[in-house]
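Descriptive structure summary
Here's the letter readout for the chains.
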Amino acid sequence: MKHYIIVKFKEQINVGLLTEPITELFRKLTEMNGIHDVNVYTSCIDRPNRYDIMIEINMDKAALECYDHSDVHIKWKQEYSEMIENKAIFDCE
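Description of the structure in this document. Starting from 1, residues in each chain are numbered consecutively following that chain's sequence as written. The predicted origin of the model limits local features to residues at a pLDDT of at least 70 and limits the giving and counting of side-chain atom pairs to 80 or more, whereas totals for whole chains, interfaces and linings rest on all residues. Side-chain figures throughout are based on the complete set of non-hydrogen atoms in the structure, without hydrogens or water.

Before going further, it helps to spend a moment on the pairing of strand β3 (residues 53–59). Counting buried positions along β3 gives 6 out of 7 residues, so the element sits mostly inside the fold. DSSP bridges decide pairing: two strands pair if at least two such bridges lie between them. For helices the rule is a DSSP run of H or I covering at least 4 residues; for strands it is a run of E covering at least 2, with both sets numbered from the N terminus onward. The pairing of strand β1 (residues 2–9) with β3 spans 6 bridges and is antiparallel. What sits directly across from Tyr-4, in β3, is Glu-56. Direction of pairing for strand β2 (residues 35–42) relative to β3: antiparallel, over a ladder of 7 bridges. Of the residues in β3, the one forming a bridge with Ile-35 is Met-59. Throughout this description, buried means an accessible area under 20% of the type-specific maximum (1.4 Å probe, protein chains only), exposed means over 50%, and partly exposed covers the range between.

Below you can see the structure in the form of structure tokens.
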């Protein structure tokens, strides 16, 4: 399945400075069983009504529970939650 995290950061946040550290953080997930690939995309259009970043995690459905309790997910929430204005989570096959 594909697990998407789509994020709109607060206006004062410089997304360009966050892209590399977020990519490095989420790439660590590929070391977990059941997680096959991670891609991080930034928006190519800078408009107020656009989201800033999309994280795509290709994983087995069974790996979602492990991901939710992983160090990566915990660090993501601890370090980035306060910077986020809005977020959408979407899962599909």
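Continuing now.
Before going further, it helps to spend a moment on the environment of Glu-65. Along the chain, Glu-65 turns up in helix α2 (residues 63–68). Placed 25 residues apart in sequence, Glu-65 and Val-40 show a C-alpha to C-alpha distance of 21 Å. Counting of polar contacts relies on pairs of N or O atoms within 3.5 Å, with two restrictions inside protein: one atom must be capable of donating a hydrogen and the other of accepting it, and residues adjacent in sequence are counted only when both atoms are side-chain atoms. Of note is the side chain of Glu-65, whose polar atom sits 2.9 Å from the side chain of His-69.

Here Glu-11 lies in the loop between β1 and α1 (15–27). Glu-11 gets classed as exposed once you look at its relative accessible area, which sits at 77%. Taking the C-alpha atoms as reference points, Glu-11 and Met-32, 21 residues apart in sequence, are found 33 Å from one another.

With that settled, consider the nonpolar core. As used in this record, nonpolar core signifies buried Ala, Val, Leu, Ile, Met, Phe, Trp, Tyr and Cys residues forming a set joined through side-chain atoms within 4.5 Å. Core analysis: the biggest nonpolar cluster contains 22 residues, and Ile-22, Phe-26, Ile-55, Ile-57 and Trp-76 have the highest contact counts within it. Mapped by element, the contributors of at least two residues to this core are β1, α1, β2, β3, α2 and α3 (71–80). At 5 residues, α1 tops the list of elements feeding residues into this core.

Our focus in this paragraph is the pattern of salt bridges. Salt-bridge detection follows one rule: a side-chain nitrogen of Lys or Arg within 4 Å of a carboxyl oxygen of Asp or Glu. One pass over the full model with this rule turns up 3 salt bridges. In this structure, the salt-bridge partner of Lys-61 is Glu-93, at a minimum N-O distance of 2.5 Å. Taken together, the positions of Lys-61 in the loop between β3 and α2 and Glu-93 in the segment after β4 (84–92) put the pair 32 residues apart, joining distant regions of the chain. The residues Lys-61 and Glu-93 share a single accessibility class, namely exposed. The shortest N-O distance in the salt bridge between Lys-75 and Glu-79 comes to 3.9 Å.

So, about α3. Turn by turn, an α-helix covers 3.6 residues, leaving residues three or four places apart pointing in a common direction. Taken together, the buried positions of α3 are occupied by Val-72, His-73, Trp-76 and Tyr-80. All buried residues of α3 lie within an arc of 100 degrees about the axis, which places them on one face of the element. Turned more than 90 degrees off the buried face of α3, the exposed positions are Asp-71 and Gln-78. By definition, the arc is the one covered by directions from the helix axis to the C-beta atoms.

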